[in-house]
Number of protein chains: 2
Amino acid sequence: MSGADAGAPGLRVTVSDVAAAAGVSRATATRALKGEGRFAPETQERILAEAERLGYVRNTMAAELAAGRTGTVGLMLRDASNPAYGLLFSRLQDEAHRRGLDLVTVTIGADVQGAEQVNALHRLLGMRVAGLIVATGGITAAQLEPFADQVPIVRAGRVETAERIHTAHYDDPEHGRMLASHVLSLGHRRVVVLSGAEDVSFAEHLRASAMQSTLVAGGASVTLVAAGAAPTDGVDEALDAVRDGATAVMCASDYRQLAVMRALRSAGLSVPGDVSVTGCDGILPGADLLGLTTLRIPVEAVAAAAVETMQLLLTSGSDAAETVRQPFVGTLAPGSTAAAI
Amino acid sequence: MSGADAGAPGLRVTVSDVAAAAGVSRATATRALKGEGRFAPETQERILAEAERLGYVRNTMAAELAAGRTGTVGLMLRDASNPAYGLLFSRLQDEAHRRGLDLVTVTIGADVQGAEQVNALHRLLGMRVAGLIVATGGITAAQLEPFADQVPIVRAGRVETAERIHTAHYDDPEHGRMLASHVLSLGHRRVVVLSGAEDVSFAEHLRASAMQSTLVAGGASVTLVAAGAAPTDGVDEALDAVRDGATAVMCASDYRQLAVMRALRSAGLSVPGDVSVTGCDGILPGADLLGLTTLRIPVEAVAAAAVETMQLLLTSGSDAAETVRQPFVGTLAPGSTAAAI
DNA sequence: CTGAAAGCGCTTACAG
DNA sequence: CTGAAAGCGCTTACAG
């Protein structure tokens, strides 16, 4: 029988059933079941035993409705097939679990911006979650803000400027600077910077901008390629620039770096012999075997801070609190794809 | 203010508020809001406008409690930091979205077996989900079975023998056979098979068993290393066997393959010059650049079948239905880490 | 220590 | 086409 049907044995067991079986009132059963309030130890024992015997599972929705509060925090996630998001998801879960926070997750559809995001947001709000952790750039501050005074919102991963929305985020500009400094220190002065356009990936945009200005300040000439969402977008332009004399290609993400290396390989160019290549993210398994020069983003720190902030907001009330805004810096992972000129 | 507080403006808006503002009864407001039942078009317009103006978001928990049914399907997920699970998660979401199924996800803690899984299960059941998709091997049939007649359960990824629990799973034994045949065809006759022990990863165990029997049937001698959960476990034994004359190391997962390749590299052995190495999973980004010889598991097909099966069970009632059990076979990805002897 | 009663926000027959 | 009423399963003051 479908879960939508009435009459399934197990899940139809209610507190009333348990109470009746134990010969007490629903009120007493409720108290004993959650171990709050006063009740005789032996009464509780009996109630617990009956609940166990009957296979009672508390109806969370009814419980929270009646209690007027919610124990779970909603997590909005971006497509987890991207390892960077998969790992962030995983760490957020771990951290929430460690702190005794229940997380319920919805992901937003693949369709860029629009109705889908709002729909996911409403599903979470409809569940009356106690808080919202947003781990996707796909949703804008404007979409979030209307709810910021109803529920604490913490953005994880991406920076946010809107008032009332807290963040634990990657310091993307600093990451761009670190990578650019490294490339400069290797002696490169003609560099291609390949990233997604601003509206495609804001993180990549931030990194790329910082790379560019650092490179220019360091005396290098820069060819900036603002590409589409697909990792292969813009790769051809990058190769053209290399044939034109650029000695390094800085990619704003590991995926673009992989795409560039594939293209270079099939073009018969060697890395780092003919050209140096850098990426950013550093969470690909096997990155070490490939020798990728990249920057490992601080996923663990961001996840921990996001959950910690949420817990703080939940327990202390967010009215008094300042908006929390915490940037985290990763570590440079020098590999063998970038070498001195 | 915290979400636990009463008195937040937006989320405190109820149907009663909307109804009052529109000058109708709660019953009428409900109907108009969901567009079911009879109501005057202009009445609906007015109600919708008021709802919009007041920022009404239906309380899903109350709605489903009152309606006596649930629209969402629960998904139990394993740690998404493993790309294979991250991708499966992503595809399950996409597929559910395409079919108009709402998914709510909980992940199980890192602690192997035990209370944690049961807790996650209860959280989902407590939400009175309409169905359960289980995408983790960490939970056993015995833990699932008690609920199988209360709610349709579909296992995604791993095979299941318990009655009443449907599956869409990887054909792991066949995958093992395919890889072993490939290695045999390359002329290898002394082979190491490296996998997690049966209780560590059942999938790896199935693959490894099939590899072993296929190899033996093909006239090869096999050294079987049943290792722990960490990818580096058992790598030393594998290397010993190589020094002892084995010409190929077959790993039951890509992670182990990476670990073996790292170890071989630091031991000064070349791949595939000194020894061939194979993996299994094939979902690592950059696997092509590494030239991994592996087998790409059919994540997309498994995800699609799991969701389709769930939808079927939900709409047609599972009482009449046979237990659905669908194995899917992946494709061999010959790379440059395995060569003819 | 325990129970009767009201109520959480919404829906659903059932009368109009 | 619309509303009054009962009820979903649980919790929480408030009396005992």
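Cut-offs and rules
Residues numbered from 1 in each chain as written. Chains lettered and ligands numbered in written order. Predicted model: local features only at pLDDT ≥ 70, side-chain atom pairs only at ≥ 80, totals over all residues. Heavy atoms only, no water. Helix = DSSP H or I, 4+ residues; strand = E, 2+ residues; numbered from the N terminus. Rg over C-alpha atoms; globule rule 2.2 N^0.38 Å. Contact = heavy atoms within 4.5 Å. Areas by Shrake-Rupley, 256 points an atom, 1.4 Å probe, with all protein chains shown as cover. Lys, Arg positive; Asp, Glu negative; His and termini not counted. Charge placed at Lys NZ, Arg CZ, Asp CG, Glu CD. Near = heavy atom within 4 Å. Polar contact = N/O pair within 3.5 Å; in protein donor to acceptor, adjacent residues only side chain to side chain. Least-squares fit on C-alpha atoms with pLDDT ≥ 70 in both. Expected span 1.5 Å × (residues − 1). Buried area = accessible area lost by both parts, 1.4 Å probe. Salt bridge = Lys/Arg side-chain N within 4 Å of Asp/Glu carboxyl O. Nonpolar A, V, L, I, M, F, W, Y, C, P; charged D, E, K, R; others polar. Pairing = 2+ DSSP bridges. Axes fitted to C-alpha atoms, helices over the stretch in contact; angles between N-to-C directions. Parallel < 35°, antiparallel > 145°, perpendicular 65-115°, else oblique. Left-handed = near helix turned anticlockwise from the far one by under 90°. Phe/Tyr/Trp six-rings, centres within 6.5 Å; stacked < 30°, edge-to-face > 60°. Buried < 20%, exposed > 50% of the residue type's maximum accessible area, 1.4 Å probe, protein only. UniProt positions renumbered as here; feature names shortened; annotations may be inferred. Domains from an automatic or database assignment.

(A) Region of the structure containing the overall build of chain A. Check the secondary structure of chain A and you find 13 helices and twelve strands. In terms of C-alpha radius of gyration, chain A reaches 26 Å, well past the compact-globule figure of 20 Å for 341 residues. Projected onto the principal axes, the alpha-carbon positions of chain A cover approximately 85 × 45 × 35 Å. Counting contacts in chain A only where the partners sit at least 6 residues apart, residues at least 24 apart contribute 69% of the total. In the form shown here, chain A has an accessible surface area of approximately 13700 Å², with 51% of it arising from carbon and sulfur atoms. Distance from the positive charge centre (28 side chains) to the negative charge centre (37 side chains) of chain A: 5 Å.

(B) Spotlight on the protein's contact with DNA strand D. In the neighbourhood of DNA strand D, 28 residues make up the surrounding shell, with V15, R26 and Y56 of chain A together with R31 and R38 of chain B lying closest. A breakdown of the atoms of DNA strand D within 4 Å of the protein gives sugar and phosphate a share of 64%. Interatomic distance of 3.5 Å between a side-chain N/O atom of R12 of chain A and a phosphate oxygen of DNA strand D. Here a phosphate oxygen of DNA strand D and a side-chain polar atom of R58 of chain A are 3.0 Å apart.

(C) A look at the relation of the copies chain B and chain A. Superposing chain B onto chain A takes a rotation of 180° plus a shift of 0.1 Å along the axis, which leaves an RMSD of 0.1 Å. The relationship between the two copies is best expressed as a two-fold rotation axis.

(D) Structural context of the protein's contact with DNA strand C. Around DNA strand C lies a shell of 28 residues, among which R31 and R38 of chain A together with V15, R26 and Y56 of chain B are the nearest. Backbone sugar and phosphate groups make up 64% of those atoms of DNA strand C lying within 4 Å of the protein. Contact distances for DNA strand C include 3.4 Å between a phosphate oxygen and a side-chain N or O atom of R12 of chain B. For the surface near DNA strand C, the secondary-structure elements that each account for two or more residues are α2 (26–34) and α4 (60–67) of chain A together with α2 (26–34) and α4 (60–67) of chain B.

(E) Structural context of helix α11 (residues 254–266) of chain A. Given a rise of 1.5 Å per residue, 13 residues ought to cover 18 Å, and the 18 Å separating the end C-alpha atoms of α11 of chain A matches this to within 8%. G268 of chain A, located one to two residues past α11 of chain A, shows a positive phi value of around 80°.

(F) Just the interface of chain B and chain A, in detail. Across the boundary between the two partners, chain B contributes 66 residues, which contact 65 residues of chain A. Across the interface of chain B and chain A, roughly 5800 Å² is buried in total on both sides, 58% from carbon and sulfur atoms. One can count four salt bridges joining chain B with chain A. For R262 of chain A, the salt bridge goes to D288 of chain B, with nearest N and O atoms at 2.3 Å. Taken together, the connections running from chain B to chain A amount to 13 residue pairs in polar contact (both at pLDDT 80 or more). At seven residues, the largest contribution of residues to the side of chain B that touches chain A is made by helix α5 (residues 83–98) of chain B. Partitioned by chemical class, the residues of the side of chain B that touches chain A number 33 nonpolar, 20 polar and 13 charged.

(G) Structural view of the sheet that holds strand β9 (residues 276–278) of chain A. Residue and element names in this part refer to chain A. Spatially, four strands are ordered β7-β6-β8-β9 in an open sheet, and the strand pairing comes out parallel. Across the chains shown, the open sheet's two edge strands, defined by having one partner strand only, are β7 (221–227) and β9. The mean angle between the axes of side-by-side strands here comes to 15°, regardless of whether they run parallel or antiparallel. Inspection of the sheet shows strand β6 (residues 190–196) paired to β7 by seven bridges, in the parallel sense. What sits directly across from G196, in β7, is A227. The sheet contacts of helix α9 (residues 202–217) involve β6, β7 and β8 (248–251), and relative to β6 the element is tilted by about 165°.

(H) Broad picture of the packing of helix α8 (residues 172–185) of chain B against helix α9 (residues 202–217) of chain B. Residue and element names in this part refer to chain B. For the pair α8 and α9, the least separation of the axes is 7 Å and the interaxial angle reads 40°. Our classification of the angle between α8 and α9 gives oblique. Relative to α9, the crossing made by α8 is right-handed. Residues D172, P173, G176, R177, L179, A180, S181, V183 and L184 of α8 form the contact with α9, whose participating residues are A203, L206, R207, A210, M211, T214 and L215.

(I) Structural detail: the packing of aromatic side chains. What the rule picks out here adds up to one aromatic pair over all chains. Centroid distance F89 of chain A to F89 of chain B: 5.3 Å. Interplanar angle 15°. Geometry classified as stacked. A residue pair is termed interchain when its members come from two chains, as with F89 of chain A in helix α5 (residues 83–98) and F89 of chain B in helix α5. An identical accessibility class is assigned to F89 of chain A and F89 of chain B; each is buried.

(J) Here's a closer look at the pairing of strand β3 (residues 131–135) of chain B. Residues and elements named next belong to chain B. Counting buried positions along β3 gives five out of five residues, so the element sits mostly inside the fold. Alternating residues of β3 divide into G131, I133 and A135 and L132 and V134, and every residue in both groups is buried. Strand direction decides the pairing type here: strand β1 (residues 72–77) and β3, joined by five bridges, are parallel. Residue pairing for β3: G74 is matched across the bridge by L132. In this structure, β3 lies alongside strand β4 (residues 153–157), joined through three bridges in parallel fashion. Residue L132 lies in a different strand from β4, and its bridge partner there is I153.

(K) Broad picture of the UniProt feature "domain: HTH lacI-type" (unreviewed entry) in chain A. The positions UniProt marks with the feature "domain: HTH lacI-type" (unreviewed entry) are residues 13–67 of chain A. Across residues 13–67 of chain A one finds 71% helix and 0% strand; the C-alpha atoms that close the span lie 20 Å apart.

(L) Structural view of the side chain of T214 of chain A. Residue and element names in this part refer to chain A. Structurally, the position occupied by T214 is in helix α9. Residue T214 is classed as buried on the basis of its relative accessible area of 16%. Separated by 2.8 Å, the side chain of T214 and the backbone oxygen of A210 make a polar contact. The contacts of T214, once residues within four sequence positions are left out, are R177, A180, S181 and L184.

(M) Quick look at the domain arrangement of chain A. Splitting chain A by domain gives domain 1 (10–58), domain 2 (72–171 + 300–329) and domain 3 (172–296). Placing a centre on the C-alpha atoms of domain 1 of chain A and another on those of domain 2 of chain A gives a separation of 36 Å.

(N) View of the sheet that holds strand β7 (residues 221–227) of chain B. Residue and element names in this part refer to chain B. Overall, parallel pairing links the four strands, which are arranged β7-β6-β8-β9 in an open sheet. The open sheet terminates on both sides in strands that have one partner only, identified here as β7 and β9 (276–278). Strand-to-strand twist across the sheet, computed as the mean angle between neighbouring axes with direction ignored, equals 15°. Note: strand β8 (residues 248–251) against β9, three bridges, orientation parallel.

(O) Region of the structure containing the pattern of salt bridges. For the structure shown, the criterion picks out 28 salt bridges over all chains. R296 of chain B is the salt-bridge partner of E300 of chain B, the closest N and O atoms lying 3.2 Å from each other. E300 of chain B sits in the partly exposed class, given a relative accessible area of 34%. Look at the salt bridges and you will find they share partners, linking E95, R98 and R99 of chain A into a network.

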